[in-house]
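Remarks on the overall topology
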Amino acid sequence: MPEASHKRESRQKFSHAKDKDGIARLPRKRFYRQRAHANPFSDHTLEYPSSPDAMNWSSYYPAHAANVSQEESTQPRKLMKDVEVVDIGCGFGGLLVALAPLLPDTLLLGLEIRTSVTQFVQEKIWALREQNEGKLYQNAACIRANTMKFLPNFFKKAQLSKIFICFPDPHFKARKHKARIVSATLNSEYAYVLRPGGIVYTITDVEALHQWMVQHFEAHPSFERVSEEEVKKDECVEVMQNETEEGKKVARNKGQKFIALFRRLKDPPWE
């Protein structure tokens, strides 16, 4: 059997595996390996809604979907609350899984461009829900998406309260800087989907990238940097530092972590 086919078969078997007590097992990363980064400008044949109202979230958050009458059963079920927290480039979902019990009444979503990694996170969340008898992790989900192209297709104006950008690809070469997930253009999209008072959380182990992100957010009229005192009091910051896969790797290698938070300002009144 070809290696790729064997891996697919192993993954399919494992995704439905249970232990001797009939409890769902968590997926193993070795069946979901993929390149560390993907080119955001490539055609990834992604599916995305024409507008936020066209997105069917009920399969991702079934416990938060409203009941419908028999006449309405052919229509997608609407959620009783909106997604509020987004992890851009969520990787293998460490932050999502750690934040879900911390923010039990808030819907969290991971956005990941890599197919296998997205599948891993989805299956991990499904397994955790089953392991906890449906009482936990119903507020977390992951979808495959290209944030640089389609963020406003998924979220309405002022819908989000938090955006996490954790250890993004630094794109060291100057000609690759256009692919960085923080830029003047993208910051305007973050400002659009964030409500006033909402926070963008950033963390990286690359000082030059940290300086780039600080420079671009501070230059944007819709954001102000959060003070160090407030950063230390934010319980999500510790989770961001210690629960992501990249964060753990940096800690093992005794590297530095550079953190900056930015608050969405109110729009000025129209003249």
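Residues numbered from 1 in each chain as written. Predicted model: local features only at pLDDT ≥ 70, side-chain atom pairs only at ≥ 80, totals over all residues. Heavy atoms only, no water.

An unreviewed UniProt entry lists the protein chain under the name tRNA (guanine-N(7)-)-methyltransferase, with Metarhizium rileyi given as the organism. As its UniProt record puts it under Sequence similarities (unreviewed entry), the protein chain is described as follows: "Belongs to the class I-like SAM-binding methyltransferase superfamily. TrmB family." Reading the Catalytic activity (unreviewed entry) entry of the UniProt record for the protein chain gives the comment "guanosine(46) in tRNA + S-adenosyl-L-methionine = N(7)-methylguanosine(46) in tRNA + S-adenosyl-L-homocysteine". (UniProt positions renumbered as here; feature names shortened; annotations may be inferred.)

Things to note about the side chain of D234
With respect to the secondary-structure elements, D234 resides in the loop between α7 (228-233) and α8 (235-243). The charged side chain of D234 is buried without a salt bridge, its nearest counter-charge being K162 at 4.7 Å. At 2.6 Å, the side chain of D234 forms a polar contact with the side chain of Y201. Contacts of D234, omitting those with residues within four sequence positions, involve Y201 and L261. (Helix = DSSP H or I, 4+ residues; strand = E, 2+ residues; numbered from the N terminus. Buried < 20%, exposed > 50% of the residue type's maximum accessible area, 1.4 Å probe, protein only. Lys, Arg positive; Asp, Glu negative; His and termini not counted. Salt bridge = Lys/Arg side-chain N within 4 Å of Asp/Glu carboxyl O. Polar contact = N/O pair within 3.5 Å; in protein donor to acceptor, adjacent residues only side chain to side chain. Contact = heavy atoms within 4.5 Å.)

Re empty space enclosed by the protein
Per the counting criterion, the structure on display carries 1 cavity of 30 Å³ or more. In this structure, the largest cavity spans a volume of roughly 70 Å³. Along the walls of the largest cavity sit S59, Y60, Q122, I125, W126, R129, A140, A141 and C142, which together make up its complete lining. Elements supplying a minimum of two residues to the lining of the largest cavity: α3 (115-131) and β3 (140-144). With 4 residues, α3 is the largest single contributor of residues to the lining of the largest cavity. Its residues assigned to classes, the lining of the largest cavity comprises 6 nonpolar, 2 polar and 1 charged. (1 Å grid on protein atoms, 1.4 Å probe; cavity = no way out; pocket = protein on both sides within 12 Å on 5 of 7 lines; lining within 4 Å. Points joined across faces, edges and corners; volume = space filled by probe spheres on them. Nonpolar A, V, L, I, M, F, W, Y, C, P; charged D, E, K, R; others polar.)

Looking at the packing of aromatic side chains
Throughout the structure, instances matching the rule amount to 10 aromatic pairs. When the ring of W57 is compared with that of Y60, the centres are 6.2 Å apart and the planes differ by 65°; the resulting orientation is edge-to-face. Residue W57 is classed as buried on the basis of its relative accessible area, which comes to 9%. Each residue in the set W57, Y60, Y61, F154 and F155 is aromatic and connected to the rest through ring pairs, giving one cluster. Positioned over the ring face of W212 is R180, at 4.7 Å from the centre of the ring. (Phe/Tyr/Trp six-rings, centres within 6.5 Å; stacked < 30°, edge-to-face > 60°. Lys NZ or Arg CZ within 6 Å of the ring centre and 35° of its normal.)

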